[in-house]
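Read off the chains here:
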Amino acid sequence: MAEESYDEECDYLFKAVLIGDSAVGKSNLLSRFSRDEFRLDSKPTIGVDFAYRNVRVGDKTIKAQIWDTAGQERFRAITSSYYRGALGALLIYDITRRITFKNIEKWLSELRGFSSPETVVVLVGNKSDLGQSREVEEEEGKTLAESEGLYFLETSALENQNVEEAFLSMIGRIHEVLTQKIVLDNRLNGDGNNESNGAVVPPGKEIVNIHEVTATRPLSTSLSNCCYK
Ligand SMILES: Nc1nc2c(ncn2[C@@H]2O[C@H](COP(=O)(O)OP(=O)(O)OP(=O)(O)O)[C@@H](O)[C@H]2O)c(=O)[nH]1
């Protein structure tokens, strides 16, 4: 990778990872976010894949580099380098398969073992379009997220529900951690009505409203366009 390269297209490059059991929808969430594509017949990921999308937070441009790997142990090769440098993670289960929710604790413990304590983690219950086959209630996801200090959303990669919200909220939070700017976000863990989401904004801190967090397409595939600060 062109680790030293720099251009004026972006102010920051963020790495984030997707984790969770096989077939929970990691690859489709990523293709929905990066290219607005979905595949019903997608094959299990072998090794590691990644995609980019440029995101605006306030007046800054962030190149979000999202890594996707196999949920199946036998297709995973490089655990420690997969997590290295990750500032955020989407921890994904399938609301129609309870086992994938039970395994969240295992994924979280692996993530915490390899990443920094500041890593922003969003718990995602995917396939919300399959409500009739639901095995995990939304409330259970919320409760787990609260007890582990995570953000939480249910998504559908198929119907494109909450996919932008999940990725953009994670990226907005990463920006907040790095810059100490407060990102006001009433879409995660909140009732959506409270503009400030109860956030206590310390004096002197700059505020970026979540509505200023927007992403642009098309997907940038050129590694030489990466920038590091
Ligand atoms: N109904 C529905 N199906 C989905 C959704 N997201 C993914 N799928 C389907 O679930 C299956 C697995 O999706 P993938 O995106 O390949 O899952 P993965 O987590 O990347 O799987 P691994 O690469 O094996 O780790 C595919 O058949 C997808 O079409 C969703 O939101 N709703």
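Bear in mind the structure is a predicted one, so any value in this text is a computation, not a measurement.

*Asks:* What exactly am I supposed to notice about the site of the ligand here?
*Replies:* Taken together, 24 residues form the shell around the ligand, and within it S22, K26, R39, T45 and G71 come nearest. In the environment of the ligand, an oxygen atom lies 2.6 Å from a nitrogen or oxygen atom belonging to the backbone of T45. Within the side chain of N126, a nitrogen or oxygen atom sits 3.2 Å from a nitrogen atom of the ligand. Here the ligand, which alone exposes 660 Å², has 91% of that area covered by the protein. Tallying contributions element by element places helix 1 (residues 26-35) first for the shell around the ligand, with three residues. Of the residues contributing to the shell around the ligand, the split by class is nine nonpolar, ten polar and five charged.

*Asks:* Would you explain helix 1 in this entry?
*Replies:* In an α-helix, one turn spans 3.6 residues, which is why side chains three or four residues apart end up on the same side. The element helix 1 is largely enclosed, with a buried count of eight among its ten residues. Every buried residue of helix 1 is listed here: K26, N28, L29, L30, S31, R32, F33 and S34. Of the residues flanking the end of helix 1, it is D36, one or two places downstream, whose phi is positive at about 55°.

*Asks:* Hey, could you run me through the packing of aromatic side chains in this one?
*Replies:* Aromatic ring pairs are defined here through the distance separating the ring centres and the angle between the ring planes. Per the stated rule, a full pass over the model turns up eight aromatic pairs. Between F33 and F167 the ring centres are 4.2 Å apart and the planes differ by 10°, which places this aromatic pair in the stacked class. Of this pair, F33 sits in helix 1 while F167 sits in helix 6 (residues 163-179), and the two are 134 residues apart along the sequence. Considered together, F33 and F167 belong to a single accessibility category, that of buried residues. Between F50 and W67, the ring centres sit 5.5 Å apart and the planes meet at 25°, which makes this aromatic pair stacked. Here F50, found in strand 2 (residues 48-57), pairs with W67, found in strand 3 (residues 60-69); they are 17 residues apart in sequence, far enough to count as distant. By relative accessible area, which is 30% here, F50 ends up partly exposed.

*Asks:* Is there a simple way to explain the nonpolar core in this structure?
*Replies:* Membership of the largest hydrophobic core comes to 49 residues, with the highest contact counts inside it found for L91, L123, F167 and M170. Ranked by residues supplied to this core, first place goes to helix 6 with seven residues. Not counting the four nearest positions on each side in its chain, M170 is found in contact with A16, I66, G88, A89, L90, V120 and V122.

*Asks:* Just checking my understanding: could you explain the pairing of strand 5 (residues 120-126) for this structure?
*Replies:* A regular strand carries its side chains on alternate faces of the sheet. In terms of residue burial, strand 5 counts as a mostly covered element, since seven of its seven residues are buried. Here strand 5 shows two buried faces, one formed by V120, V122, V124 and N126 and the other by V121, L123 and G125. Note that strand 4 (residues 88-94) and strand 5 share seven bridges and pair parallel. Within strand 5, the position partnered with Y93 by the bridge is G125. Bridge count between strand 5 and strand 6 (residues 151-154): four bridges; the pairing is parallel. Across the sheet, V124 pairs through a bridge with L153, a residue of strand 6. Between strand 5 and its parallel partner strand 6, the chain crosses via helix 5 (residues 138-148), and the hand of that crossover is right-handed.

*Asks:* When you look at the pattern of salt bridges in this model, what are you seeing that I'm missing?
*Replies:* Summed over the entire model, instances satisfying the criterion amount to nine salt bridges. Between R32 and D36 there is a salt bridge, with the nearest N and O atoms lying 2.9 Å from each other. Residue R97 is joined to D94 by a salt bridge in which the shortest nitrogen-to-oxygen separation is 3.1 Å. Overall, the relative accessible area of 29% leaves R97 in the partly exposed class. Put simply, D94, R97 and K127 are held in one network by salt bridges that share partners.

So, how was this worked out
Per chain, residue numbering runs from 1 following the sequence as it is written. The predicted nature of this model means local features are confined to residues of pLDDT at least 70 and side-chain atom pairs, given and counted, to a pLDDT of 80 or more, with totals for whole chains, interfaces and linings taken over all residues. No hydrogens and no water enter the side-chain calculation; it runs on all heavy atoms of the structure. Whether a residue is near a molecule or strand is decided by its heavy atoms; if any one of them lies within 4 Å of it, the residue is near. Polar contact is the term for a pair of N or O atoms within 3.5 Å; when the atoms are in protein, one must be able to donate a hydrogen and the other to accept it, and sequence-neighboring residues count only if both atoms are side-chain atoms. Calculation of accessible area relied on Shrake-Rupley with a 1.4 Å probe; when residues are assessed, cover is drawn exclusively from the protein chains displayed. Helix and strand definitions here come from DSSP, where helices need a minimum of 4 consecutive H or I residues and strands a minimum of 2 consecutive E residues; each element is numbered from the N-terminal end. Nonpolar residues are Ala, Val, Leu, Ile, Met, Phe, Trp, Tyr, Cys and Pro. Charged residues are Asp, Glu, Lys and Arg, and all others, Gly as well, are polar. Residue burial is assigned from relative accessible area. The probe radius is 1.4 Å, only protein chains are included, and a residue is buried under 20% of its type maximum, exposed over 50%, and partly exposed in between. Here the aromatic set is Phe, Tyr and Trp, taking the six-membered ring for Trp, and pairing holds for ring centres within 6.5 Å; pairs whose planes are under 30 degrees apart are stacked, those over 60 apart are edge-to-face, and all others are tilted. Here, nonpolar core means buried Ala, Val, Leu, Ile, Met, Phe, Trp, Tyr and Cys residues that are tied together by side-chain atoms lying within 4.5 Å of each other. The contact criterion used throughout is that any non-hydrogen atoms of two residues lie within 4.5 Å. Strands were regarded as paired on the criterion that DSSP finds at least two bridges between them. Looking down the strands as they point away from you, a crossover is right-handed if its path from the first strand over the helix to the second goes clockwise. What makes a salt bridge here is a side-chain nitrogen of Lys or Arg within 4 Å of a carboxyl oxygen of Asp or Glu, nothing more.

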